[in-house]
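What follows is the residue order along each chain.
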Amino acid sequence: MPTKNYLAVDLGATSGRTIIATYDGHKVEMRELTRFKNPQIPLGGHLFWDLPALYNEILIALRKTVSEGIRIETIGIDTWGCDFAFFGRDGQLLGLPYCYRDPHTDGAIDRFFQDHPLTKQQVYDRTGIQFMPFNSLFQLDTLRRAGSVALAAAEKILFIPDALIYLLTGEAVCEYTVASTAQMLNPMQGDLDADLLAALGLRREQFGRLVQPGDRVGTLTPQVQEAT
């Protein structure tokens, strides 16, 4: 079996790295290709993530594989959960994604259940997720209450790894495991819960098609290919 190379993009809440995994048919060897910071951006009274900078770090890693003569079979992206990005009808990013550490969700759990007929027990039974104010369910409800212009204009709402995949491939997907952090995924149904989406005034199609870990999503766009 010929040796094959794979690129892993591992993004955490303070830093990120890219890793080359080489498989020769018997064992996997890994080495760090790049490492970089992922700071939270304090802006306009809130905390945001610099998604374009993370995207650019992936391009830098891809250029490095080319400069080292490494042929990549596939790329996989792993990030923290709960956070998401908005994209407009034209496919463009609608502002920087909010950071889950932003205090605007303080008290969000109580506010959600004051206004919606679903009880805490019902939501837990549907999602099996611990109640945390930064869960996507409560982040989206908070932005809805605040009259977020980006949310109102969003054609696509993509979790952070899915947002990066969209920037790289143009394919909008909702990967199952990261969606499970949102307190919006119903594992019994195997998809986002329709009643929770309705409580937020959102449509299922805004989140992209559901994919599983390891599913092939697409190929790099011509622009990304040219840039790398």
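See above for the structure.
**Things to note about the overall build of the protein**
Per the secondary structure count, the protein includes 9 helices and 12 strands. Computed over C-alpha atoms, the radius of gyration of the protein comes to 18 Å, within 12% of the 17 Å expected from 2.2 N^0.38 for 228 residues, which places it in the range of a compact globule. In terms of principal-axis extent, the alpha carbons of the protein reach across some 60 × 40 × 30 Å. Across the 228 residues of the protein, 45% fall into the buried class. Long-range pairs, those at least 24 residues apart, make up 64% of the contacts in the protein with a sequence separation of at least 6. Accessible area for the protein stands at about 11400 Å²; split by element, carbon and sulfur atoms hold 52% of it. Taking the average place of the 21 positive charges on the side chains of the protein and the average place of its 27 negative ones, the gap between the two points comes to 3 Å.

**Observations concerning the packing of aromatic side chains**
Considering all chains together, one arrives at 12 aromatic pairs under this definition. Look at Phe-112 and Phe-138: their rings are 5.6 Å apart centre to centre, the planes differ by 80°, and that puts the pair in the edge-to-face class. Of this pair, Phe-112 sits in helix 2 (residues 108–115) while Phe-138 is found in helix 4 (residues 136–145), placing the two residues 26 residues apart along the sequence. Using a relative accessible area of 0% as the deciding quantity, one classes Phe-138 as buried. Here the aromatic cluster, defined as three or more aromatic residues joined through ring pairs, consists of Trp-49, Trp-80, Tyr-100 and Phe-134. Taking the ring centre of Phe-131 as reference, the NZ or CZ of Lys-120 above it sits at 6.0 Å.

**Section: the environment of Leu-168**
In this fold, Leu-168 is placed in helix 6 (residues 160–169). Owing to a relative accessible area of 3%, Leu-168 belongs among the buried residues under this scheme. Sequence spacing of Leu-168 and Gly-128 is 40 residues, and the spatial spacing of their C-alpha atoms is 32 Å. The residues touching Leu-168, leaving out its near neighbours within four places in the chain, are Tyr-55, Ile-58, Leu-59, Ile-77, Thr-219, Leu-220, Thr-221 and Val-224.

**As for helix 6**
For helix 6, the buried fraction is high: 9 of the 10 residues fall into the buried class. One or two positions beyond helix 6, positive phi appears at Gly-170, with a value near 80°.

Conventions and cut-offs
Residue numbers here run from 1 along each chain, matching the order of that chain's written sequence. Local features are withheld for residues below a pLDDT of 70 in this predicted model, meaning they are given only at 70 or higher, and side-chain atom pairs are given and counted only at 80 or more; totals for whole chains, interfaces and linings count all residues. Derived side-chain values reflect all non-hydrogen atoms in the structure, with water molecules and hydrogen atoms excluded from consideration. Runs of E in the DSSP output that reach at least two residues are strands. Runs of H or I that reach at least four are helices, and both are numbered from the N terminus. The globule rule used here is 2.2 Å times the number of residues to the 0.38 power, and the radius of gyration it is set against is calculated over C-alpha atoms. With a 1.4 Å probe rolled over the protein chains alone, any residue whose accessible area is under 20% of its type maximum counts as buried; one over 50% counts as exposed, and the rest are partly exposed. Throughout, a residue-residue contact means that at least one pair of heavy atoms, one from each residue, lies within 4.5 Å. Per-residue and other accessible areas were derived by the Shrake-Rupley procedure at a 1.4 Å probe size, with only the shown protein chains allowed to occlude residues. In this tally, Asp and Glu contribute negative charge and Lys and Arg positive charge; neither His nor the terminal groups of the chain are included. For this purpose, a charge sits on NZ of Lys, CZ of Arg, CG of Asp or CD of Glu. Only rings of Phe, Tyr and Trp enter the pairing, Trp through its six-membered ring, and a pair is recorded when the two centres are within 6.5 Å. The plane angle decides the type: under 30 degrees is stacked, over 60 is edge-to-face, the rest tilted. We call a charge positioned over a ring when the NZ of a Lys or the CZ of an Arg lies within 6 Å of the ring centre and within 35 degrees of the ring normal.

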